[in-house]
Amino acid sequence: MSTLAAPKPTKPWAARPKDRVRDGLLLLTALFASYGFVALTPMKGKLAYFATFFFFYALFTSGYQFYSRGSASAKDAAVNSIVLIGAALTILPIGSILWTVIQKGAPGISFGLFTNDMALATPTDPLSSGGLLHAITGTITLIILSLIMSVPIGILTALYLTEIKGSLTRPIRFLVQAMSGVPSIVAGLFILSAVLYPITKGYSGFMGALALTILMIPTIARTSEEVLNLIPNELREAGTALGGTQWRTVTMIVLPAARSGLTTAVILGVARIAGETAPILLLTGGGDRVNPNAFSGPIGSLPYYIWKSFNAGSPEAITRAWAGLLVLLALILLLFTCARFLSARKIAR
Amino acid sequence: MSAITPEKVVPAPREISTKPRRSDKVFRAIVTGGGLSSLAILGLIAIFLGYRSFEVLRQEGFSFITQADWSITTDDAGNVIESHFGLSAMLVGTILSAFIAVVIALPVSVLSALFLNFYAPNWLKKFLISLIDVMAAFPSILFGIWGFLVLMPSVEYWAKLINHYLGFIPAFSVNPYIFSRSPFVAGVVLAIMIIPIITSVSREIFAQAPLDRIQAAYALGATRWAMIKAVVIPHGRSGVIGGAMLGLGRAMGETIAVFTVLNIVFQVNWHMLLGAGGNVASLIILKFGEASPYEIKALMAAGLVLFVLTLLVNAIADLIVKSTGKSGR
């Protein structure tokens, strides 16, 4: 009787210590080479280090691969480095933007910022006077108003695309796509020409909200469509088999099942418009005091506040603009985290 | 015993019909109405902008898109004495900066999409995808101010380098020697704005590359790059081009980010490093503040041109992306 010795599982493809040491050495050599190259030639600056380092790293790794495994492997190693450069170039601006906003905005953040408005202050005043209460309340007003208008339309559009699937499905999907490409300034001009000039004849938060609605509908419609497509068809069939009309099936089964996904869609829509500037500049008038009435009188908002402070130009005003950007960015990141959390929970279930 | 045969009770057959109930009819009507809203909104935009700008377009005629000067003279009472509205400099500037943006953004986004799909470890992939999604939602004013205060000095330096070594090519020549606020700077800022868009479109297309072919390529001994070249790129080529067109449409319609970093000059300029450019959307913001009612109509006409332009670009992008499903099979 021979007993079969169970073979010990191994991972022949995993990196051995020798490989790790070799990779580390190649990296170090590339670092030294780039340092030496920059020191010896008239090139200077972070960019030069960055570029020469990647160049030498690509050169050394592919050279080594060519020596040990031939040209196909060398090409693979070179592409490896190039792909890394691409990823680094995508991440660098994000890192730079986040870092700059936090670094330059933090000095402008104080408690008074959230309790005062700019009614008695100008952007060039010292930072202790004035604040962005009017901007925050204004932005919230604009968001709520545009939510009231865009959520029903967006979700109805998504329902048409997923539940009714009429003969117009293809053209409507195309139009929603086209609508998401409408420049924000065109949406602003449209409200200006269609509502503000002929009917209301004055700046108000409602005008801004109308333009934001146009920009928000496609985001909500497309994300909701994706979510509703994920709802299993069995649920709809079960609803119909129990004698439910389509209306009852959709409202009592499909929509509740997609609730968290639809919330994600709405949050993404809000994140899309929270920092929209161009239509706000055309339509809201940008008041400096808290204006609770969204239907008459100019209303402030975060983008308008940032724009006004940035254009005032003095160091205090620029700090104000960065602080406003920090608040706006924090709002958008918060919304995104909520959306992530909700959609993650849906998948986990 | 007489058998009492009970009277057979046959219930009347229930009427079965596939006709929708009244509630369903109402429901379908409401949902269809909601679905048609996008058509209504797009149609209304075209109608109202066309209606407002009709007067200016009729007066300027075809020269509205072929002339470059933008001037209006009014007397003290506010009556228009003389006006010339031409959009060609702005159109050239819009196309130039959007084109620069796509040329820079396309390779970077394709490489980072490849990195996300085939190179990054799983934890890094998830983190980077959410980071890039957040970046796609950054407000344009953030890109504008960051671009003006942080990025522009470096980009001017790069522009000088390009001019120094490649200045003999007409497109890179600079005369007079002004580098700040050029279409190139605007193009770089726009490129950073559209990289997340093109990256996420390309990433989704690459992720759909058939797994059996990927594994077949590996089984035949392909390296990672050989596999990408043989399977992924042929599969995703047209989808990536569609993504680039989407980015182009976004770059053409961008307002605030371009306005902060571009020096608007009413003169057609093809030299991308020279500090004089144009942009239709920025023109509207620039002139809106002090515009007379007649000039507003001209701005509406500019908005109409921009609307049609972006609609065209998006339609082409949509067609290209739609046709990807069939390619590479």
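Here's a quick rundown of the structure.

Cut-offs and rules
- Residues numbered from 1 in each chain as written.
- Chains lettered and ligands numbered in written order.
- Predicted model: local features only at pLDDT ≥ 70, side-chain atom pairs only at ≥ 80, totals over all residues.
- Helix = DSSP H or I, 4+ residues; strand = E, 2+ residues; numbered from the N terminus.
- Rg over C-alpha atoms; globule rule 2.2 N^0.38 Å.
- Contact = placed C-beta atoms within 7 Å.
- Nonpolar A, V, L, I, M, F, W, Y, C, P; charged D, E, K, R; others polar.
- Buried ≥ 20, exposed ≤ 12 C-beta atoms within 10 Å, placed from the backbone.
- Core = buried A, V, L, I, M, F, W, Y, C linked by C-beta atoms within 7 Å.
- Expected span 1.5 Å × (residues − 1).
- Arc of directions from axis to C-beta.
- Axes fitted to C-alpha atoms, helices over the stretch in contact; angles between N-to-C directions.
- Parallel < 35°, antiparallel > 145°, perpendicular 65-115°, else oblique.
- Left-handed = near helix turned anticlockwise from the far one by under 90°.

### Section: the overall build of chain A
Turning to step 1, where the next piece is worked out: Summing up its helical and strand segments, chain A has 13 helices and 0 strands in all.
Turning to step 2, where the next piece is worked out: When its helices and strands are written in sequence order, chain A yields α-α-α-α-α-α-α-α-α-α-α-α-α.
Turning to step 3, where the next piece is worked out: Computed over its C-alpha atoms, the radius of gyration of chain A comes to 28 Å, more than 25% above the 20 Å expected for a compact globule of 349 residues.
Turning to step 4, where the next piece is worked out: Overall, the C-alpha framework of chain A stretches about 85 × 70 × 35 Å when taken along its three principal axes.

### Here we look at the interface of chain B and chain A
In many analyses, interface size is given as the accessible surface area lost on bringing the parts together.
Turning to step 1, where the next piece is worked out: At the interface, 65 residues of chain B touch 72 residues of chain A.
Turning to step 2, where the next piece is worked out: Looking at the side of chain B that touches chain A, the element that brings in the most residues is helix H1 (residues 22-60) of chain B, giving 19 residues.
Turning to step 3, where the next piece is worked out: Of the residues belonging to the side of chain B that touches chain A, the class tally is 42 nonpolar, 17 polar and 6 charged.

### Observations concerning the environment of B:Leu274
Residues and elements named next belong to chain B.
Turning to step 1, where the next piece is worked out: The residue Leu-274 is located in the loop between helix H9 (256-261) and helix H10 (280-288) in this model.
Turning to step 2, where the next piece is worked out: Exposure remark for Leu-274: the 24 C-beta atoms within 10 Å place this residue in the buried category.
Turning to step 3, where the next piece is worked out: Through-space distance from the C-alpha of Leu-274 to that of Ala-159 is 9.2 Å; in sequence the pair is 115 residues apart.
Turning to step 4, where the next piece is worked out: Aside from chain neighbours lying at most four places away, what touches Leu-274 is Val-174, Ile-178, Ser-182 and Asn-269.

### Notes on the nonpolar core
Turning to step 1, where the next piece is worked out: Counting residues in hydrophobic clusters, the biggest one holds 186 residues, and the most contacted among them are B:Val189, B:Leu190, B:Ile194 and B:Ala302.
Turning to step 2, where the next piece is worked out: With residues up to four places along the chain from it excluded, the contact list for B:Val189 reads B:Phe143, B:Gly147, B:Leu151, B:Ala257 and B:Val261.

### Observations regarding helix H4 (residues 122-136) of chain B
Residue and element names in this part refer to chain B.
Turning to step 1, where the next piece is worked out: The terminal C-alpha atoms of H4, which comprises 15 residues, lie 21 Å apart, in line with the 21 Å expected from a rise of 1.5 Å per residue.
Turning to step 2, where the next piece is worked out: Listed in full, the buried residues belonging to H4 are Leu-128, Ile-132, Val-134 and Met-135. Each buried residue of H4 sits inside an arc of 155 degrees when the element is viewed along its axis, so together they form one side. More than 90 degrees from the buried face of H4, the exposed residues found are Asn-122 and Trp-123.

### Focus on the packing of helix H6 (residues 183-207) of chain B against helix H8 (residues 224-253) of chain B
Residues and elements named next belong to chain B.
Turning to step 1, where the next piece is worked out: Where H6 meets H8, the axes come as close as 8 Å, and the angle between the chain directions of the two elements is 150 degrees. By the criterion of interaxial angle, the relationship of H6 to H8 is roughly antiparallel. For the crossing formed where H6 meets H8, the hand is right-handed. Of the residues in H8, those in contact with Leu-190, Ile-194, Ile-197, Ile-198, Val-201, Ser-202, Ile-205 and Phe-206 of H6 are Val-232, Gly-236, Gly-239, Val-240, Gly-242, Gly-243, Ala-244, Leu-246, Gly-247, Arg-250 and Ala-251.
Turning to step 2, where the next piece is worked out: Residues of the contact of H6 with H8, tallied by class, amount to 12 nonpolar, 6 polar and 1 charged.

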